[in-house]
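Commentary on secondary and tertiary structure
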Amino acid sequence: MNTGSRLAQIGLPLALLPVIAMAGEVSLSGEGSVRYQPDSVRLYFTATVENEVPQQATEAVASMMAQWREAIEDYEDELDEYTDANVHLYSRTLPPAQPGSEPTQKAVASQTVTFQLDDLTLLNPILEQAQAIGMRYSLGPGQFFHSNEKELKQEALALAIADARARCEFVADQLDQSCGDVISMQVDGGMPPMPRMMAEARTAADPVQSVGTREVTASVTATFELD
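Now for a description of the structure that goes with this document. (Residues numbered from 1 in each chain as written. Predicted model: local features only at pLDDT ≥ 70, side-chain atom pairs only at ≥ 80, totals over all residues. Heavy atoms only, no water.)

Notes on a negative patch on the surface
Together, Glu70, Glu73, Asp74, Glu76, Asp77, Glu78, Glu81 and Asp118 make up a region of like negative charge exposed at the surface. Structurally, Glu78 can be placed in the loop between helix H1 (54-71) and strand S5 (79-84). Classification of Glu78 as partly exposed rests on a relative accessible area of 37%. (Patch = residues over 30% accessible without salt bridge, like charges linked within 9 Å, V, L, I, M, F, W, Y side chains within 5 Å. Areas by Shrake-Rupley, 256 points an atom, 1.4 Å probe, with all protein chains shown as cover. Salt bridge = Lys/Arg side-chain N within 4 Å of Asp/Glu carboxyl O. Lys, Arg positive; Asp, Glu negative; His and termini not counted. Charge placed at Lys NZ, Arg CZ, Asp CG, Glu CD. Helix = DSSP H or I, 4+ residues; strand = E, 2+ residues; numbered from the N terminus. Buried < 20%, exposed > 50% of the residue type's maximum accessible area, 1.4 Å probe, protein only.)

Let's talk about unusual backbone geometry
One can expect most non-glycine residues to show negative phi and most peptide bonds to be in trans. For Glu81, which is not a glycine, the phi torsion comes out positive at approximately 55 degrees. The topology assignment puts Glu81 in strand S5. One non-glycine residue, Asp176, lies in positive phi territory at about 55 degrees. Counting through the fold element by element, Asp176 comes out in the loop between helix H3 (149-174) and strand S10 (179-187). Look at Asp176 and you get exposed, because its relative accessible area is 73%.

Description of the side chain of Ser110
Following the sequence through the fold, Ser110 ends up in strand S7 (residues 104-117). With a relative accessible area of 13%, Ser110 lands in the buried category. If we skip the residues at most four places from it in the chain, Ser110 touches Thr46, Ala47, Thr48, Val61, Asn86, Val87 and His88. (Contact = heavy atoms within 4.5 Å.)

A word on the environment of Glu169
Mapped onto the secondary structure, Glu169 falls in helix H3. Classification of Glu169 as partly exposed rests on a relative accessible area of 44%. Remark: the alpha-carbon pair of Glu169 and Cys179, spanning 10 residues in sequence, is separated by 5.2 Å.

Quick word on the pattern of salt bridges
Overall, the coordinates contain three salt bridges when judged by the stated rule. Here Glu50 ties to Arg92 by a salt bridge, and the two come within 2.8 Å at their closest N and O atoms. With Glu50 in strand S4 (residues 40-51) and Arg92 in strand S6 (residues 88-94), this residue pair connects regions lying 42 residues apart in the sequence. Judged by its relative accessible area of 34%, Arg92 is partly exposed. The residue Arg69 makes a salt bridge to Asp84 at a minimum N-O spacing of 3.0 Å. Of this pair, Arg69 sits in helix H1 while Asp84 sits in strand S5, and the two are 15 residues apart along the sequence. Residue classification places Asp84 among the partly exposed positions, given a relative accessible area of 25%.

Re H3
The end-to-end C-alpha separation of H3 is 38 Å, in line with the 38 Å expected for 26 residues at 1.5 Å each. Of the residues trailing H3, Asp176 is marked for its positive phi of about 55 degrees. (Expected span 1.5 Å × (residues − 1).)

Side note on a nonpolar patch on the surface
Taken together, the side chains of Ile161, Val182, Met185 and Val187 define a hydrophobic patch exposed on the protein surface, amounting to about 260 Å² of accessible area. As for its placement among the helices and strands, Val182 is situated in strand S10.

Considering the packing of aromatic side chains
A full pass over the atoms with the stated rule returns five aromatic pairs. When the ring of Phe45 is compared with that of Tyr137, the centres are 5.4 Å apart and the planes differ by 55 degrees; the resulting orientation is tilted. Of the two residues, Phe45 sits in strand S4 while Tyr137 sits in strand S8 (residues 136-137), which places them 92 residues apart along the sequence. Between the NZ or CZ atom of Arg42 and the centre of the ring of Phe145, over which it lies, the distance is 3.9 Å. (Phe/Tyr/Trp six-rings, centres within 6.5 Å; stacked < 30°, edge-to-face > 60°. Lys NZ or Arg CZ within 6 Å of the ring centre and 35° of its normal.)

Details of the environment of Ser91
Mapping Ser91 onto the fold places it in strand S6. Through-space distance from the C-alpha of Ser91 to that of Glu52 is 9.1 Å; in sequence the pair is 39 residues apart.

A few points about the packing of H1 against helix H2 (residues 123-133)
For the pair H1 and H2, the least separation of the axes is 10 Å and the interaxial angle reads 155 degrees. Of the possible angle classes, the one that applies to H1 and H2 is roughly antiparallel. Seen along the crossing, H1 lies across H2 with a hand that is right-handed. Here Met64, Gln67, Trp68 and Ala71 of H1 lie close against H2, whose contacting residues are Ile126, Gln129, Ala130 and Ile133. Broken down by class, the residue content of the contact of H1 with H2 amounts to six nonpolar, two polar and no charged. (Axes fitted to C-alpha atoms, helices over the stretch in contact; angles between N-to-C directions. Parallel < 35°, antiparallel > 145°, perpendicular 65-115°, else oblique. Left-handed = near helix turned anticlockwise from the far one by under 90°. Nonpolar A, V, L, I, M, F, W, Y, C, P; charged D, E, K, R; others polar.)

Taken by themselves, the reported measurements are silent on function.
Shown next as structure tokens:
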């Protein structure tokens, strides 16, 4: 559930409000915030195998990918923007096992799968399948997001504008005047409001129990006429 909250209390004494009053106008700021819980996640899985023989490493990765495709058959319709890249093969040099011995070469084959999941109830079942197959992945707070963050940002901005208007009305009332039209307004210093993480999701192989909440904020600086 999305809830909005104004960050400023309109009932503060006039001296505590960031206000610049001039003849016939007043400049002040307004702020707004909306807290929300992410409902989607971007996932990255990699099948990686090392072997002294490149072909065997490639075949082992192909086998893992076949297991993966079979394991996610029931979830295919829920995996948005699914990509299944071609196998990538490279070699790496291992240091000598003993002094005086020669370094060894290992072939490394890997294949990466990426997709977006909008139903978080499927997250843990999919992670369990990946773990069972031996797929590598990492899961951090930055991978979680809301499917309608644009609307949330607009809601926070609307709250910031309303907060600025309410402050103007408070100031005008103290001066026995009324808050008039907007002369000018600057929104977030020209930058779009950005989400701020409030709590991190659990990572590693443990089941994800909570993805936490986030907060999107917006601020404006406005100049109003005083009538």
